[in-house]
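Chain by chain, the residues:
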Amino acid sequence: MRWLMMTNSPLPVHNSAWRQHRIVEILELLHHGGSFEEAKKMFDDSFDGVDVAEITTAERQLIASGLNPMEIQNLCNVHAAVFRGKITNDSKTPEEQIPGHPVQVMKLENTVLTSLLNDELLPTLKKWIQDGADNDYLRRLRHALKDLATIDHHYARKENLIFPIMDKLGVTAPPKVMWGVDDEIRGLIKQANQLVNTDPLPDKYVIEAAVQKAAKEVDEMIFKEDAILLPMVLEIFTPADWGTVAAESEPIGYTLIAEPLPWQPTEAELAAAPNRNSAVAQQLNESAQELAAAQAPRPAAPPAPDTAAVMAQLHGDGEMPAFVKDMLAKKKDPPTPRRKRRQAASGPFISHITADAAGNVQVVLPTGSFTLAELTNILRLLPFEMTFVDAQDTVRWFSDNPDRVFPRTTAVIGRLVVNCHPPKSVDKVEKILQDFHSGARDHADFWIHFRGHYMYIRYFAIRSPEGTYLGCLEVSQDIDPIQALQGEQRLDSAD
């Protein structure tokens, strides 16, 4: 086994490379079926303490060498147990003392969650098991599990605000692993809730095992966030990054706490922003290079024309912009009969933007035009959620519907769309995108129950009339109200 072969070239104990080498050995031992006791002994014999960056970099090295992130996810709790109590930089930070700061909010939520587990859920479960006839204990158990299910807000903020910033900095492995564990925890809490609300109730020891399993996983994630995730991102996030997290947290919601006091970084904090090239950021980003190279990104598509240049041409000498002439001259692929009919119907008109001296912007399309304000508000008003992913599979835009079911934040703009999904969904997303790029299919449809809504989710490949792939549009709609419709309501009979 590789981990056994690696032990033949020891390095000096004080050498950071030796430390990293040793942590990788310990993790590989676990992933090749070695015992927890053996791994723990190797760690205790080698280290008095370990830094967050050392653990994270070791996990990244394993992923870069070909290990599936799901395998790391499956042993995530074992990793945490090996290192628990020996992480050296989990002391209090100034940020967690600042009311409203995202770190303080996450820490406060974790404190309340810990209290919910240890002071209510688990003691009530024990009392109910001992006296299953007491309906008050069952009622309290159900209420505690319902409260625990609100952890979804905590995880959703982490996944939609913190993970995208980590991703942009090249720190992609921890989010992939942690998101998968978050989803497992959601599933365990849902299962426990279903069991305690089933009539008749299942065997009480089945319920006990399910509740204890959910509580254990929540507790492990609290430790990983407080001792590993937050210290790590505090090293590499700037005040502006935390300002983005704080500004976009409220629409997603909070877990078991009142809405925090508003917080944003001061001008002085923004001006004195720390250099991203801290020691931790360097270690994380260097190891990210290997993983990024392994992702084999597709060749970049030609850049879109610069808007400022187009506007200058439109209002310069009045001639047709050069890029428009070029687009008309180029015919990369022979048009299909369907495209020929579409072109014949639409003519050679090219969409464009105009602006007058007063700054009024008009978006001119083949079938009409809008002012920029009209178009913005039409997109906001449409009764479904949309996300646009460009030809490089990068998120570029989402509709800001006031009642979104799937949370979106501006932190996802510029992020590879595969990194916006939990690990269990990545293979499916990659296959859809591959088929869109190759032309094997033009759309993919799914329908799921999600947070009390029945969601119809559709992905559409966007192509030019010549067949060039331009990107993908995700359209999601709550179809519960549509399915509830009966009979007719005609315009001539409406009130």
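Before any of the text, the structure's been laid out above.
Residues numbered from 1 in each chain as written. Predicted model: local features only at pLDDT ≥ 70, side-chain atom pairs only at ≥ 80, totals over all residues. Heavy atoms only, no water.

Orientation of helix α9 (residues 151–168) relative to helix α12 (residues 239–247), taken along the N-to-C sense of each, is 155°, at an axis distance of 9 Å. Compared by their axis directions, α9 and α12 come out roughly antiparallel. Considering how the two elements wind past one another, α9 and α12 form a crossing that is right-handed. When α9 is examined against α12, the residues Leu161, Ile162 and Ile165 are found in contact with a partner set consisting of Asp241, Trp242, Thr244 and Val245. Among the residues making up the contact of α9 with α12, the classes are represented as five nonpolar, one polar and one charged. (Axes fitted to C-alpha atoms, helices over the stretch in contact; angles between N-to-C directions. Helix = DSSP H or I, 4+ residues; strand = E, 2+ residues; numbered from the N terminus. Parallel < 35°, antiparallel > 145°, perpendicular 65-115°, else oblique. Left-handed = near helix turned anticlockwise from the far one by under 90°. Contact = heavy atoms within 4.5 Å. Nonpolar A, V, L, I, M, F, W, Y, C, P; charged D, E, K, R; others polar.)

The subject of this paragraph is the pairing of strand β7 (residues 453–463). With eight bridges joining them, strand β6 (residues 443–450) and β7 adopt antiparallel strand pairing. Bridge assignment links Asp445 to a residue of β7, and that residue is Arg458. A loop of two residues connects β6 with β7, the two strands running antiparallel in sequence, and Arg451 in this loop sits at a positive phi of about 50°. What sits between β7 and strand β8 (residues 469–478) in their antiparallel hairpin is a turn of five residues, with Gly467 showing a positive phi close to 100°. (Pairing = 2+ DSSP bridges.)

Inside soluble globular proteins, nonpolar side chains tend to come together where they are buried. Of all hydrophobic cores here, the largest spans 55 residues; its most connected members are Leu121, Leu148, Ile162, Met166, Phe237 and Trp242. Of all the secondary structure elements, the ones that give two or more residues to this core are α7 (102–130), α8 (135–149), α9, α10 (173–196), α11 (204–236) and α12. If you look at the next biggest cluster of nonpolar residues, it comprises 22 residues, including Val389, Cys420, Ala461 and Cys472. (Core = buried A, V, L, I, M, F, W, Y, C linked by side-chain atoms within 4.5 Å. Buried < 20%, exposed > 50% of the residue type's maximum accessible area, 1.4 Å probe, protein only.)

Moving on, we get to unusual backbone geometry. Going from Asp199 to Pro200, the amide bond is cis rather than trans, its omega being 0°. Here Asp393, not a glycine, exhibits a phi torsion of approximately 65°, which is positive. Note that Asp393 resides in the loop between β4 (385–390) and β5 (395–398). Among the residues examined, Asp393 registers a relative accessible area of 6% and is labelled buried. At Arg451, a residue that is not glycine, the phi angle is positive and equals roughly 50°. Looking at the element boundaries, Arg451 is found in the loop between β6 and β7.

What follows covers the layout of surface pockets. Its boundaries defined by the atoms lining it, the second largest pocket holds a volume of some 1,400 Å³. In terms of lining, the second largest pocket is formed by 38 residues, of which the most central are Asp183, Phe406, Pro422, Ile448 and Phe450. The greatest single-element share of the lining of the second largest pocket, amounting to seven residues, is contributed by α10. Grouping the amino acids of the lining of the second largest pocket by side-chain chemistry returns 19 nonpolar, eight polar and eleven charged. (1 Å grid on protein atoms, 1.4 Å probe; cavity = no way out; pocket = protein on both sides within 12 Å on 5 of 7 lines; lining within 4 Å. Points joined across faces, edges and corners; volume = space filled by probe spheres on them.)

Our focus in this paragraph is the sheet that holds β5. The five strands are arranged β5-β4-β8-β7-β6 in an open sheet whose pairing can be described as antiparallel. Here the strands that pair on one side only, and so sit at the sheet edges, are β5 and β6. On average, adjacent strands in this sheet sit at an angle of 20° to one another, irrespective of strand direction. Bridging between β4 and β8 involves six bridges; their strand directions are antiparallel. Considered in β8, the bridge of Phe388 is made with Leu473. Contacts from helix α19 (residues 423–438) reach β6, β7 and β8 within the one sheet, and its direction differs from that of β7 by about 30°.

A few words now on the pattern of salt bridges. The final tally for this structure, using the stated rule, is 19 salt bridges. In this structure, Glu217 and Lys213 form a salt bridge, with 3.0 Å as the shortest nitrogen-oxygen distance. You can see Glu217 and its partner Lys213 sitting in helix α11, four residues apart, about one turn around the helix. (Salt bridge = Lys/Arg side-chain N within 4 Å of Asp/Glu carboxyl O.)

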